Amino acid sequence: HQGVQLTASNRPPVSEIVDGCHVLATDDVGDPVWGHISKRDPDGRGVWIKAGPRGFDEVSDADVILIDFDGRRLGGPVDAVPYEYPLHTEVLRARSDADSVVHVHPPHAIALAATGQPLHVFSNGAGPFATGVPRFEREVGLVDSTELGAELAECLGRARAVFLVGHGIVTVGSSVATAVVTALLLERACRLQLLAAAGGGIVPALEQPGRRYAHTESDSYMLRSWEHLLRRVRGSGDCQ
């Protein structure tokens, strides 16, 4: 290890990221090894982040590192810092309300974003996105610079998620749990919209959600799904 050692005081962020990766592996989030979860360091040193090309189902403590906001590795067993670390650091720098960022490449979200259509809110899964999902349309392969990360953060604004058109999605949350479930719900909502389009389209009345899905906007709603998925990946009847 370099710099910060993994101790009882900083083990929880690592554990949260490992759990988040395993929960993401319960759904199709696209590329099996590419993508990241990050969490703001509770002691203000920087960001904990998944590093290295490991499948989400394979991630362990050994795949999580601590970096500062300039991308310097402060601790953890992996030497390489992810190329897209600025995606995480700049979003967290801009969003003091966010504790975690998820970046993945889920197929239905990528497909829907490529159509140019907005996300329509006609399901519980889409409910958290009633205020809209902005589109980051810069023609870039990776968000691998401070400048691009800052542009992405500006595009995200106060939203829960953003489409990286032709690339994937980014979601934020007050915890790893809520950021992960937000990503899973966005992919589910996109999948349902594509299914509805294939079946003839969405009934216009359902495109005006009003307060129908207000109950989906709370963290407690997200956490119910998280606890279920965590029980599944742990193979236990009780969430530890």
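Residues numbered from 1 in each chain as written. Predicted model: local features only at pLDDT ≥ 70, side-chain atom pairs only at ≥ 80, totals over all residues. Heavy atoms only, no water.

**Student:** Whenever I open this one, the overall build of the protein chain confuses me. Can you help?
**Tutor:** Across its full length, the protein chain holds six helices and eight strands. Tracing the protein chain from N to C terminus, the helices and strands come up as α-β-β-β-β-α-β-α-β-α-β-β-α-α. Relative to the 2.2 N^0.38 estimate, which gives 18 Å for 240 residues, the radius of gyration of the protein chain is 17 Å and therefore close to what a compact globule would have. When its C-alpha atoms are laid out on the principal axes, the protein chain stretches across 55 × 45 × 30 Å. The buried share of the protein chain, taken over its 240 residues, is 49%. (Helix = DSSP H or I, 4+ residues; strand = E, 2+ residues; numbered from the N terminus. Rg over C-alpha atoms; globule rule 2.2 N^0.38 Å. Buried < 20%, exposed > 50% of the residue type's maximum accessible area, 1.4 Å probe, protein only.)

**Student:** Whenever I open this one, the state of the cysteines confuses me. Can you help?
**Tutor:** Note on terminology: disulfide describes a covalent bond linking the sulfur atoms of two cysteines. In this structure the tally under the stated criterion is zero disulfides. Here Cys155 is not disulfide-linked; the sulfur of Cys190 is the nearest cysteine sulfur, at 15 Å. Note on Cys190: relative accessible area 0%, which makes it buried. (Disulfide = S-S within 2.5 Å.)

**Student:** Is there a simple way to think about helix α6 (residues 219-234) in this case?
**Tutor:** A turn of α-helix holds 3.6 residues, and therefore any two residues three or four places apart point the same way. Here α6 is 16 residues long and its end C-alpha atoms lie 22 Å apart, about the 22 Å a rise of 1.5 Å per residue gives. Among the residues of α6, those classed as buried are Tyr221, Met222, Trp226, Leu229 and Leu230. Along α6, the residues classed as buried sweep out an arc of 165 degrees about the axis, all on the same side. A positive phi of about 65 degrees marks Gly235, the residue just after α6. (Expected span 1.5 Å × (residues − 1). Arc of directions from axis to C-beta.)

**Student:** Any chance you could explain the confidence of the model for the protein chain here in plain terms?
**Tutor:** If pLDDT is low for a region, its predicted coordinates should not be looked at in detail. Considering every residue of the protein chain, the mean pLDDT works out to 89; 90% of them sit at 70 or more. Confidence drops under a pLDDT of 50 for residues 5-10, and excluding neighbours within four residues, the segment shows seven contacts in the predicted structure. (pLDDT = per-residue confidence, 0-100. Contact = heavy atoms within 4.5 Å.)

**Student:** Help me understand the pairing of strand β7 (residues 161-164) in this model?
**Tutor:** Residues Ala161 and Phe163 point to one face of β7 and Val162 and Leu164 to the other, with burial holding for every one of them. A crossover connection joins strand β6 (residues 135-136) to the parallel β7 through helix α4 (residues 146-156); in handedness this β-α-β unit is right-handed. Looking at chain direction, β7 and strand β8 (residues 168-173) are connected through four bridges and run antiparallel. The partner of Val162 across the bridge, within β8, is Val170. Turn length for the β7-β8 hairpin, with the two strands adjacent in sequence and antiparallel, is three residues, and the turn residue Gly166 shows positive phi of about 80 degrees. (Right-handed = clockwise from strand over helix to strand, strands pointing away. Pairing = 2+ DSSP bridges.)

**Student:** Help me understand helix α5 (residues 176-198) in this model?
**Tutor:** Relative to the 33 Å expected for 23 residues at 1.5 Å per residue, α5 spans 33 Å between its end C-alpha atoms, a close match to the ideal helical length. Looking one or two places after α5, you find Gly200, whose phi comes out positive at around 120 degrees.

**Student:** Hey, could you run me through the sheet that holds strand β3 (residues 64-67) in this one?
**Tutor:** Within a sheet, neighbouring strands are paired by backbone hydrogen bonds and run either parallel or antiparallel to one another. One open sheet holds the eight strands; their spatial order is β4-β3-β2-β1-β5-β8-β7-β6, and the pairing between them is mixed. Of all strands in the sheet, those with a lone pairing partner are β4 (73-75) and β6, marking the two edges. In this sheet, strand β2 (residues 47-50) lies alongside strand β1 (residues 36-40) in antiparallel orientation, the contact comprising three bridges. The residue of β2 that forms the bridge with Lys39 is Trp48. Those strands touched by α5 are β1, β5 (100-104), β7 and β8, and its axis lies near 140 degrees from that of β8. (Axes fitted to C-alpha atoms, helices over the stretch in contact; angles between N-to-C directions.)

**Student:** For this particular structure, what's the right way to read the side chain of Glu187?
**Tutor:** Relative to the assigned elements, Glu187 resides in helix α5. For the buried Glu187, no salt bridge is present, and the opposite-charge side chain at shortest range is Arg191, 4.6 Å distant. A polar contact is formed between the side chain of Glu187 and the side chain of His108, at a distance of 2.8 Å. (Lys, Arg positive; Asp, Glu negative; His and termini not counted. Salt bridge = Lys/Arg side-chain N within 4 Å of Asp/Glu carboxyl O. Polar contact = N/O pair within 3.5 Å; in protein donor to acceptor, adjacent residues only side chain to side chain.)

**Student:** For this particular structure, what's the right way to read the pairing of β3?
**Tutor:** Looking along a regular strand, one sees the side chains alternate between the two faces of the sheet. Side chains Val64 and Leu66 of β3 all project onto a buried face; the interleaved residues Ile65 and Ile67 project onto the opposite face, where all are buried too. Pairing analysis gives four bridges linking β2 to β3, with the strands arranged antiparallel. Of the residues in β3, the one forming a bridge with Trp48 is Leu66. Here two bridges tie β3 to β4, and the two strands are oriented antiparallel to one another. The partner of Ile67 across the bridge, within β4, is Arg73. Linking β3 to β4, which pair antiparallel, is a turn of five residues; within it Gly71 sits at a positive phi near 85 degrees.

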